[in-house]
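# Geometric and topological summary
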Amino acid sequence: FWSSIKLILLYLKVNAWNRTNATIISKKVELHKKNSTRHSPYGIFVEYKYNYDGKEYINNKVYLVELIKGQTNHTHANATKVINKMENELSIYVNPKDPQESVIFCTGIGLYILVFFFGIMSLLVGYSYYE
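Per chain, residues are indexed from 1 in the order of the written sequence. Given that this is a predicted model, residues contribute local features only at a pLDDT of at least 70 and side-chain atom pairs are listed and counted only at 80 or more, while totals for whole chains, interfaces and linings are drawn from all residues. Hydrogen atoms and water are omitted, and side-chain values are computed over all heavy atoms in the structure.

Only rings of Phe, Tyr and Trp enter the pairing, Trp through its six-membered ring, and a pair is recorded when the two centres are within 6.5 Å. The plane angle decides the type: under 30 degrees is stacked, over 60 is edge-to-face, the rest tilted. Under the criterion given, the structure shown has four aromatic pairs. Both rings, one in Tyr-48 and one in Tyr-50, keep their centres 6.1 Å apart while their planes meet at 35 degrees; by these two values the pair is tilted. Only protein chains enter the accessibility calculation, which uses a 1.4 Å probe. A residue is then buried if its area is under 20% of the maximum for its type, exposed if over 50%, and partly exposed in between. Taking the relative accessible area as the measure of exposure, Tyr-48 reaches 0% and is therefore buried. For the pair Phe-116 and Phe-117, a centre-to-centre distance of 5.5 Å together with 75 degrees between the ring planes defines the contact as edge-to-face. A residue is classified by how much of its surface remains accessible, and Phe-116, at 21% relative accessible area, is partly exposed.

In this structure, the largest pocket spans a volume of roughly 440 Å³. Here the term cavity refers to a set of points on a 1 Å grid, laid over the protein atoms alone, in which a 1.4 Å probe fits but cannot get out; the term pocket refers to an open set having protein on both sides within 12 Å along at least five of seven lines, with lining residues being those that place an atom within 4 Å of a point. What lines the largest pocket is a set of 19 residues, among which His-32, Phe-45, Asn-60, Glu-66 and Gly-70 lie closest to the centre. Segments assigned H or I by DSSP are reported as helices when at least four residues long, segments assigned E as strands when at least two residues long, and all are numbered from the N terminus. Those elements that provide at least two residues to the lining of the largest pocket are β1 (18-31) and β2 (42-52). Top contributing element to the lining of the largest pocket by residue count: β2, with five residues. Looking at side-chain class alone, the lining of the largest pocket contains four nonpolar, seven polar and eight charged residues. Grid points are joined across faces, edges and corners, and a volume is the space filled by probe spheres set on the points. Residues are sorted three ways: Asp, Glu, Lys and Arg are charged, Ala, Val, Leu, Ile, Met, Phe, Trp, Tyr, Cys and Pro are nonpolar, and all the rest, Gly among them, are polar.

Let's shift gears to helix α1 (residues 2-15). Taking 1.5 Å per residue as the helical rise, α1 with its 14 residues ought to reach 20 Å, and the 20 Å between its terminal C-alpha atoms agrees with that figure. When α1 is considered as a whole, its buried residues turn out to be Ser-4, Leu-7, Ile-8, Leu-10, Tyr-11 and Val-14. Within α1, the buried residues cover an arc of 165 degrees as seen down the axis, which keeps them to one side. In α1, the exposed residues that point more than 90 degrees away from the buried face are Trp-2 and Leu-9. The length a helix should cover is 1.5 Å for every residue beyond the first. Of all possible arcs, the one meant is that of the directions from the helix axis to the C-beta atoms.

Time to look at the pattern of salt bridges. For salt bridges, the criterion is a side-chain nitrogen of Lys or Arg within 4 Å of an Asp or Glu carboxyl oxygen. Under the definition given, this model contains one salt bridge. Its salt-bridge partner being Glu-30, residue Lys-28 comes within 3.3 Å of it at the nearest N-O pair. For Lys-28, a relative accessible area of 42% translates into the label partly exposed. The exposure class assigned to Glu-30 is partly exposed, which follows from its relative accessible area of 30%.

Note that all results are geometric; they support no functional claim without further evidence.
Encoded structure:
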């Protein structure tokens, strides 16, 4: 429940950030260093550079959850598809208050809302169970 609220608020914040073009320096699919699921243990690692307000920055955040120290998990085949769709030039979201903070993808609010409703249902079922 709390995670979904946190991600919904993050989505709304990042969606209001400025957009700019970035150039991919490197991209690869690797096993996550942190423990992850056995069936989807791969991550997408992209390094990109961009100019914002006359300064050049380099970053590696791909998904929203990475902004809050999380990670996304993929199968090798799925991660490879995502990497192959990324062109060398892409549009990213840049935090206007801290241009060193950026992210490639700002999508998926529907999933966060679904998790939110499942969280509410869990709270209601848990509450009625203990009554």
